Amino acid sequence: MSDGGDFVDLLRRDGYRFPGEGVVASGSRGDLPFHPTEGTTILAIRYRDGVLIAGDRRATAGNMVLYDRADKVINLDAYSVMAISGSPAVAFEIARVLEHSFQYYRRRQLQEMSLNAKLRRLSLLIKDNIPMAIQGIGAVIPIFATFDRKDACGKIYFYDALGAQFETTDFTTTGSGSPGIRGVMYYQDRWGDHKFADMARDEAVGMAMRLLDTAGEYDSATGRYERVADIFPTVKIITASGLEDIETETLRALHAEYVDGGPGA
Amino acid sequence: MMLSDEPYRWAEGVANRRDYIEDQIRAGSPVVGVGYEDGILLLTLSRSQQKLFEVYDRIGLGAVGHSADIEKLRQAAIDMAHSIGFNYSEEDVTLRQIVYFGLGPAIKAGFDDVVRSPFLARVMLAELDGEASAHTFYIVDYDGAFFRYEDFCTLGGIPDADHLMEQRLDVDDVTKLSLTDALSKALQAWAIGRWVGKLEEIPSEDSDLDALAVDVDLNDILKRELQDLGVEAVVLQRSLSGKPKYRLLTDDELAPVLDSFKK
């Protein structure tokens, strides 16, 4: 009997298998008879009160836009989120396993899972997925963001497809649209009017929407504000008081100010 | 042992088992559950060990009995809830499933297995905003029998204590009960349950027990017990943001109610 509060152990006892389990890594995606669903830009920045994490809403398969309402920033608990780029099938599964793992551990072991353990759990799940990643159909490259109550500051971690974990001190972005805005983020943080770390919430949210819009300009797999259906990107903040979704009305106002308006508009 | 060949000895064995269990857990600290305007309050008193637990987003558990047995049952309930929550959905995790298919049969199997020690525990579970009622409770007794309650629920060390506690808790409309009033009611119910648990001998007739209970000074019991014991109180709080609704009440929240008994 397991006594470690390990949710994955519990799942395996019930006969659960992960999507990549049993997949033998061979061949390459060139041989694939179909286009896997993927595409994204997600980003996270440390701003004045904590961390902000945002993602566009588009999911694509090859040249086709599959979905315009994908939520790529997923709540894991009251203080942490995971933003996903790559294969949504695997990523949503990983997020679900993690969400349950954190809660299960907390309830069963009667203590909160430490930040280091949470990072380790995510890393292990990505490692389990290596065969899928090598096949070229199920790679997941997440960003994990949290507010560390012990150190009283927001923290951002990103991963590679094999599960290596890196902490960033200021910002990060991943996904197919990220190359288009990586340099912009560096430039903004170094020479812009305000560093990310000095931005108040509204400015940080406005900046995140500008960046996603820029990513969408250069990457067909990244969605922009969808005018017909009125769909905004997902933006969340995590501060000392916990995780908060930025509401549509706030996004609308800040989109008008920062993306449609703004200097030179 | 050939107990199955000897029905009389078997029945006697079961009766002995009941006596043994009741004797072991009768003095345990009772648990009280009561609905209030923003959810459900669970309360007990203990020296220091935790006696109230979170099972799932809207489900809490309290128990009287041996702490290691309670621990086994608690873990079984949590495992079952999270398995269902992941493989189906959070909505599919209901208290009924946990009681009917999980704890009830498990405790019954332990009780029937006469060559092994039974679970020395009586368990109360509470569910906020379930399908049939806003405040649902179950008691799973030491023999695996389970009972459903609405609005409030009481669990003493022995079944005799339950109904006396329930009388003290009688509330017309729990949806109008403030947290402070709920705490105060729950403490009084706890005190009478405590009193029954500490009786040298329990009268065999309920009416005799009721008559004996009339003159009990609950405030005095609380005043004495609060010198040694601490109050543990949790809420399943509807207005709490996020999916998990379970929260431990802070000392600041308890203080106004407790101070009135400490004087």
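None of the values given here were measured: they were computed from a predicted structure. (Residues numbered from 1 in each chain as written. Chains lettered and ligands numbered in written order. Predicted model: local features only at pLDDT ≥ 70, side-chain atom pairs only at ≥ 80, totals over all residues. Heavy atoms only, no water.)

A. Broad picture of the overall build of chain A. Secondary structure assignment for chain A yields seven helices and 13 strands. The globule rule puts the C-alpha radius of gyration for 265 residues at 18 Å, and the 19 Å found for chain A is close to it. Across its three principal directions, the C-alpha atoms of chain A cover 60 × 50 × 30 Å. Looking at chain A as a whole, 51% of its 265 residues qualify as buried. (Helix = DSSP H or I, 4+ residues; strand = E, 2+ residues; numbered from the N terminus. Rg over C-alpha atoms; globule rule 2.2 N^0.38 Å. Buried < 20%, exposed > 50% of the residue type's maximum accessible area, 1.4 Å probe, protein only.)

B. Focus on the sheet that holds strand β3 (residues 50-55) of chain A. Residue and element names in this part refer to chain A. Spatial strand order, β11-β2-β3-β12-β13: five strands in an open sheet with antiparallel pairing. For this open sheet the edge positions go to β11 (171-174) and β13 (242-245), each flanked by a neighbour on one side alone. Each strand of the sheet is rotated relative to its neighbour by a mean of 15°, with strand direction disregarded. Pairing between β3 and strand β12 (residues 234-239): six bridges, direction antiparallel. Residue Val51 lies in a different strand from β12, and its bridge partner there is Ile238. Contacts between helix α5 (residues 179-191) and the sheet are confined to β2 (42-47) and β11, with β11 contributing the most and set at about 170° to the helix. (Pairing = 2+ DSSP bridges. Axes fitted to C-alpha atoms, helices over the stretch in contact; angles between N-to-C directions. Contact = heavy atoms within 4.5 Å.)

C. View of the pairing of strand β8 (residues 143-148) of chain A. Residues and elements named next belong to chain A. The buried count for β8 comes to six of six residues, which makes it a mostly enclosed element. Residues of β8 alternate between two faces, with Ile143, Ala145 and Phe147 on one and Phe144, Thr146 and Asp148 on the opposite face, all of them buried. Taken together, the six bridges between β8 and strand β9 (residues 153-159) define a ladder with antiparallel strand orientation. Considered in β9, the bridge of Thr146 is made with Lys155. Linking two consecutive strands that pair antiparallel, namely β8 and β9, is a turn of four residues; a positive phi of about 50° is found at Ala152 within it.

D. Geometry of the nonpolar core. Core analysis: the biggest nonpolar cluster contains 56 residues, and Phe144 of chain A together with Val55, Val123 and Leu125 of chain B have the highest contact counts within it. A per-element tally of this core places helix α2 (residues 88-109) of chain A first, with nine residues. Discounting chain neighbours no more than four positions away, the residues touching Val55 of chain B are Arg107 of chain A together with Gly60, Leu61, Ala77, Ile78, Ala81, His82 and Ile98 of chain B. If you look at the next biggest cluster of nonpolar residues, it comprises 43 residues, including Val32, Leu41, Met165 and Leu258 of chain B. (Core = buried A, V, L, I, M, F, W, Y, C linked by side-chain atoms within 4.5 Å.)

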